[in-house]
Amino acid sequence: MSQIGLRVGEACGLDLDDIKWDLGRFGKLHVRHGKGARGSGPRERMVPLINGADRTLRWFIEDVWGQFDDDHTRPGAPLFPSERKNTDGTARRVGDDALRHGLKDAAKAHLPGWGERLTPHVLRRLCASQLYANGLDLLAIQEVLGHSWIATTMRYVHVQQTRVEDAWAAGTGRAAKRLEGLIR
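One numbering rule holds for all chains: residues counted from 1, following each sequence as written. Confidence filtering applies because this is a predicted model: local features only for residues at pLDDT of at least 70, side-chain atom pairs given and counted only at 80 or more, and all residues used for totals across whole chains, interfaces and linings. The side-chain values count all of the structure's non-hydrogen atoms but skip hydrogen atoms and water molecules.

Help me understand the packing of aromatic side chains, please; the structure alone is not making it clear to me.
Note on aromatic pairs: each is described by the distance of the centres and the angle between the planes. Geometry of aromatic contacts follows a simple scheme: Phe, Tyr and Trp rings, the Trp one being its six-membered ring, pair when their centres are within 6.5 Å, and the pair is stacked under 30 degrees between planes, edge-to-face over 60, tilted otherwise. Throughout the structure, instances matching the rule amount to 1 aromatic pair. On the numbers, 5.4 Å between centres and 50° between planes, the contact of Phe60 with Phe80 is tilted. Remark: Phe80 occurs in the loop between α2 (53–64) and β4 (81–85) and Phe60 occurs in helix α2; sequence separation between them is 20 residues. A simple rule labels every residue: compare its accessible area, found with a 1.4 Å probe on the protein chains alone, to the largest value its type can have, and call it buried under 20%, exposed over 50%, or partly exposed in between. By relative accessible area, Phe80 is classed as partly exposed at 23%. Note that Arg58 overlies the ring of Trp21, its terminal NZ or CZ placed 3.8 Å from the centroid. To sit over a ring, a charge needs its Lys NZ or Arg CZ within 6 Å of the ring centre and within 35 degrees of the ring normal. Lying over the aromatic face of Trp114, Arg117 brings its terminal NZ or CZ to 4.4 Å of the ring centre. Working definition: helices are DSSP H or I runs of at least four residues, strands are E runs of at least two. Numbering for both runs from the N terminus.

Looking at this structure, how should I read the pairing of strand β3 (residues 45–48)?
The two faces of the sheet receive side chains in turn, since in a regular strand these alternate between them. Burial of β3 is one-sided: the residues Arg45 and Val47 facing one way are buried, the residues Met46 and Pro48 facing the other way are not. The criterion for strand pairing is that DSSP finds at least two bridges linking the strands in question. As judged from the 4 bridges shared by strand β2 (residues 28–31) and β3, these two strands associate in the antiparallel manner. Bridge assignment links His30 to a residue of β3, and that residue is Met46.

I would appreciate a short explanation of the packing of helix α4 (residues 120–133) against helix α5 (residues 138–145) in the present structure.
A pair of packed helices is characterised by two quantities: the angle between their axes and the separation of those axes. Lines fitted to C-alpha atoms define the axes here, with helix axes fitted over just the stretch in contact, and angles between the N-to-C directions of these axes take values from 0 to 180 degrees. Where α4 meets α5, the axes come as close as 10 Å, and the angle between the chain directions of the two elements is 150°. Comparing their axes, α5 and α4 come out roughly antiparallel. Judged by the sense of rotation from one axis to the other, the crossing of α4 with α5 is right-handed. Between α4, through Arg124, Ala128, Leu131 and Tyr132, and α5, the contact on the second element is made entirely by Leu138, Ile141, Val144 and Leu145. Note that Gly is not counted as nonpolar here; it falls among the polar residues with everything else outside the nonpolar set of Ala, Val, Leu, Ile, Met, Phe, Trp, Tyr, Cys and Pro and the charged set of Asp, Glu, Lys and Arg. Tallied by class, the residues present in the contact of α4 with α5 amount to 7 nonpolar, no polar and 1 charged. For this classification, under 35 degrees means roughly parallel, over 145 means roughly antiparallel, 65 to 115 means roughly perpendicular, and everything else is oblique. By definition, turning the near helix anticlockwise from the far helix through less than a right angle yields a left-handed crossing, and turning it clockwise yields a right-handed one. Contact definition: two residues touch when any of their heavy atoms are within 4.5 Å.

What exactly am I supposed to notice about the confidence of the model for the protein here?
Should pLDDT be low for a region, the predicted coordinates there are not to be read in detail. On average, the protein scores 86 in pLDDT, and the residues at 70 or more come to 93%. Looking over the protein, one finds the lowest element-wise mean pLDDT in helix α7 (residues 163–183), namely 73, and the highest in strand β1 (residues 19–20), namely 96. For every residue, the predictor states its confidence as a pLDDT score lying anywhere from 0 to 100.

In this structure, what is going on with the pattern of salt bridges? I would like to understand it.
Side chains carrying opposite charge are able to pair once their charged atoms draw close together. Salt bridges are defined by distance alone: a side-chain nitrogen of Lys or Arg within 4 Å of a carboxyl oxygen of Asp or Glu. Per the stated rule, a full pass over the model turns up 6 salt bridges. We note a salt bridge from Asp15 to Arg93, for which the minimum N-O separation is 2.6 Å. Of this pair, Asp15 sits in the loop between α1 (8–12) and β1 while Arg93 is found in strand β5 (residues 91–93), placing the two residues 78 residues apart along the sequence. Since its relative accessible area comes to 11%, Asp15 is described here as buried.

Which parts of the structure should I look at to understand the environment of Val31?
Relative to the assigned elements, Val31 resides in strand β2. For the pair Val31 and Thr90, spaced 59 residues apart in sequence, the C-alpha to C-alpha distance is 22 Å. If near-sequence neighbours (up to four positions away) are discounted, Val31 is found in contact with Leu6, Glu10, Leu14, Arg43, Glu44, Arg45 and Val47.

Looking at this model, I keep getting lost on the nonpolar core. Mind explaining?
Residues belong to a common nonpolar core when they are buried Ala, Val, Leu, Ile, Met, Phe, Trp, Tyr or Cys residues joined through side-chain atoms within 4.5 Å. Ranked by size, the top nonpolar core spans 28 residues in total, and within it Ile4, Leu29 and Leu79 carry the most contacts. For this core, the secondary structure elements donating two or more residues are β2, α2, α4 and α5. Per-element accounting of this core gives the leading share, 5 residues, to α2. Once residues within four sequence positions are removed from consideration, Leu29 is found in contact with Ile4, Leu6, Leu14, Asp18, Ile19, Arg45, Met46, Val47, Leu49, Leu57 and Leu79.

Below, the structure written as structure tokens:
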């Protein structure tokens, strides 16, 4: 969720079949149950597996998923299975409470002081800020997050204090190179 900014409900609703390894440079995730704007209903989107999400997802499927369920070919097999089983013995879909509590417990154990403050939504905002800091433009971030309005995306992005200075230095460097080329 922190690498591609999924909402907790979107992550819970994913199936193994929603991973499209053959699409794009890194593969894509078909988010079928995205949040709709103003009562428009679920909005689908294809999210590229950028920011290392492709490697994390491959690791999870190859090394972890099989501990919950052993049938990768079952239609509707959840991407994130629960430890609980359906009546037929297959793994249930993980619930949003399990993801929230798991994150909270991990934060308490590994990030002192963040136990109560680190939520799936904080990870979503962190993702937006990291993508922006790494050079992704706001329109691309809007598409990844599934926002209807760019203003919403702008509220998610936290700009580092040095961003203005860094942008100015990069711009003057490019301008100096162009000027040098014209003088020669």
